[in-house]
There are 2 protein chains.
Amino acid sequence: MSQLSKAEQKRQAREEELIDLAVEIIANEGPGSLTLEKLTSRSAYSKGTIYNHFSSKEDCLSALCCRAVSSIMTFFQQAVEFDGNLREKALAIHYAYQLYSRIHPTLFQVVLISKSPGVRDKTSDKRVECMDLLENQINDVSDSMFQHALQQGEINNPHVSVETASFANWAMSFGTLALASSAAEATAVSRLDQETILLNNVNLLLDGMGWSPLSSEWDYCDSWKRIAEHLKPLATHHTNNTHD
Amino acid sequence: MSQLSKAEQKRQAREEELIDLAVEIIANEGPGSLTLEKLTSRSAYSKGTIYNHFSSKEDCLSALCCRAVSSIMTFFQQAVEFDGNLREKALAIHYAYQLYSRIHPTLFQVVLISKSPGVRDKTSDKRVECMDLLENQINDVSDSMFQHALQQGEINNPHVSVETASFANWAMSFGTLALASSAAEATAVSRLDQETILLNNVNLLLDGMGWSPLSSEWDYCDSWKRIAEHLKPLATHHTNNTHD
DNA sequence: ACCTGAACACCGTTCAAGT
DNA sequence: ACCTGAACACCGTTCAAGT
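Cut-offs applied
Residues numbered from 1 in each chain as written. Chains lettered and ligands numbered in written order. Predicted model: local features only at pLDDT ≥ 70, side-chain atom pairs only at ≥ 80, totals over all residues. Heavy atoms only, no water. Domains from an automatic or database assignment. Buried area = accessible area lost by both parts, 1.4 Å probe. Salt bridge = Lys/Arg side-chain N within 4 Å of Asp/Glu carboxyl O. Polar contact = N/O pair within 3.5 Å; in protein donor to acceptor, adjacent residues only side chain to side chain. Helix = DSSP H or I, 4+ residues; strand = E, 2+ residues; numbered from the N terminus. Nonpolar A, V, L, I, M, F, W, Y, C, P; charged D, E, K, R; others polar. Near = heavy atom within 4 Å.

## Observations concerning the domain arrangement of chain A
Residue and element names in this part refer to chain A.
Phase 1: For chain A, the assigned domains read domain 1 (1-54) and domain 2 (65-241).
Phase 2: Each of domain 1 and domain 2 has a C-alpha centre, and these two points are 29 Å apart.
Phase 3: Here domain 1 packs against domain 2, burying approximately 750 Å² in sum over the two surfaces, 55% of which is carbon and sulfur.
Phase 4: It is Val23, Ile26 and Pro31 that lose the most area in domain 1 upon contact with domain 2, and together they represent 52% of the buried surface on that side.
Phase 5: Applying the counting criterion to the domain 1 and domain 2 interface returns three salt bridges.
Phase 6: Our count for the contact surface shared by domain 1 and domain 2 stands at four residue pairs in polar contact (both at pLDDT 80 or more).
Phase 7: When residues in the side of domain 1 that touches domain 2 are grouped by element, the largest group, seven residues, is from helix α1 (residues 6-29).
Phase 8: For the side of domain 1 that touches domain 2, the per-class residue count stands at six nonpolar, two polar and three charged.

## Concerning the protein's contact with DNA strand D
Phase 1: By nearness alone, 13 residues border DNA strand D, and Arg14(A), Thr49(A), Leu36(B), Lys47(B) and Tyr51(B) come closest of all.
Phase 2: A share of 68% of the atoms of DNA strand D within 4 Å of the protein falls on sugar and phosphate groups.
Phase 3: Separating a phosphate oxygen of DNA strand D from a backbone N or O atom of Glu37(B) is a distance of 3.1 Å.
Phase 4: Contributing elements (two or more residues each) for the surface near DNA strand D: α3 (47-53) of chain A together with α2 (36-42) and α3 (47-53) of chain B.
Phase 5: It is α3(A) that contributes the most residues to the surface near DNA strand D, four residues altogether.

## Section: the protein's contact with DNA strand C
Phase 1: What surrounds DNA strand C is a group of 13 residues, the closest being Leu36(A), Lys47(A), Tyr51(A), Arg14(B) and Thr49(B).
Phase 2: Sugar and phosphate atoms constitute 68% of the interface atoms of DNA strand C, taking the interface as everything within 4 Å of the protein.
Phase 3: Lys57(A) has a polar backbone atom sitting 3.1 Å from a phosphate oxygen of DNA strand C.
Phase 4: Within the side chain of Asn52(B), one N or O atom sits 3.1 Å away from a phosphate oxygen of DNA strand C.
Phase 5: Elements with a minimum of two residues in the surface near DNA strand C: α2 (36-42) and α3 of chain A together with α3 of chain B.

Structure representation (structure tokens):
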């Protein structure tokens with residue numbers, strides 16, 4: 001299964017090359033201006049070959065989504081290694097998510113775009129499968145975090161289950177970052193401190209779950225700074241973007 | 001100022017007519033398939049006239065965004081009239097937001113799309129002004145709610161300001177609804193009870209702010225049902241959609 | 001002043017012909 | 001088996017000609 005034919009290896013290498021190129025296009029010109037025409041003319045290949053890799057423009061967008069979620073996953077893996085209590089580890093994951101959304105704002109957008117019907121519908125079955133697989137991996141990271149917190153009694157609240165907590169946590173993070181990156185000029189966003197906006201929102205939520213130590217009992221601002229330090233390698237290493 | 005010439009009245013009526021048509025198109029075929037070509041051919045007017053109303057395809061999308069936000073505003077105005085304590089009024093607004101996102105899922109999407117750079121950039125100045133104005137109105141509703149709660153001591157937390165609370169509240173609502181509507185097939189979403197998903201998330205957040213009565217001290221599930229009853233007229237009256 | 005539709009450039013997708 | 005690029009339908013945007 002892991003033994004790939006030479007032809008297949010070449011094919012996969014080319015697909016990576018094309019995705020790299022597509023990433024460059026959306027980073028510089030936005031997700032809306034990705035066209036397979038552009039991708040063709042800027043690559044060394046012909047229209048037919050492009051369509052050999054991507055069954056449609058939307059399938060290409062979904063390939064970018066897979067790339068994005070996969071990167072986010074490696075960010076998360078770095079984050080959980082932060083040395084601290086469980087709630088701090090959770091904060092580290094949020095920080096990693098924010099970091100990704102700021103290093104690759106357009107790829108961050110693409111993740112939502114690809115999941116919307118109309119794009120998903122025009123994505124090849126093989127790719128949809130890949131997206132769902134990656135999404136489940138991300139999900140598992142989040143779930144297992146809350147599982148631990150509940151088991152160890154750090155969250156002590158009969159109304160909080162793994163499923164509800166995990167989703168509320170994701171919704172808050174996603175909502176905050178989506179609004180901060182897409183509606184950055186909005187008064188409601190611009191009047192806030194961009195450095196701690198996510199920390200504040202998440203702290204309110206986790207306090208509401210009763211995840212101890214509560215923010216009144218612990219200096220999470222300091223944690224946030226230490227997390228930033230811990231994840232600095234990701235921030236510097238991945239900044240090979242031309243535009244944003 | 002409010003005295004419009006006959007020509008201007010006619011122009012505005014036609015614009016409403018075109019926006020109605022565009023709403024119909026995106027409701028049935030998704031925001032991605034709105035084209036000015038389609039809008040032209042399904043309307044009684046020519047390309048030139050369409051471009052007389054919308055400076056670009058993106059400007060047309062932004063017109064839909066204005067329509068959406070304006071409708072959301074009227075939903076909110078119904079919501080604040082719910083007879084209950086302040087936290088229940090806040091819940092009523094969330095309920096109204098959810099109701100809108102379910103009655104007009106594609107218009108709900110369009111609001112985020114229009115605020116993204118690349119769409120906003122291609123929107124006429126006049127329309128951008130209109131969008132910002134409406135957004136501020138929505139903002140004011142949210143802000144004044146938290147202002148009241150803080151003044152009356154129902155939120156008693158030195159770390160919570162109007163600005164931070166208002167944004168956290170918006171982010172949670174938006175994040176929850178965006179994920180629930182765009183990523184409905186995702187495991188993290190589908191495994192939850194769709195009826196109370198938003199109520200649960202918001203309750204956790206408002207508990208975290210210390211907004212009394214806390215969810216442990218009050219039956220907000222019951223409030224949620226009463227709010228649904230209060231807003232029923234909106235649900236039935238506005239369901240004139242063909243597809244979703 | 002406003003409306004019309006031809007015109008053109010660009011894009012998505014297919015497929016016959018070539019290797 | 002895979003690659004190529006011509007071909008065609010569709011779309012965004014402009015603008016000369018018409019009222």
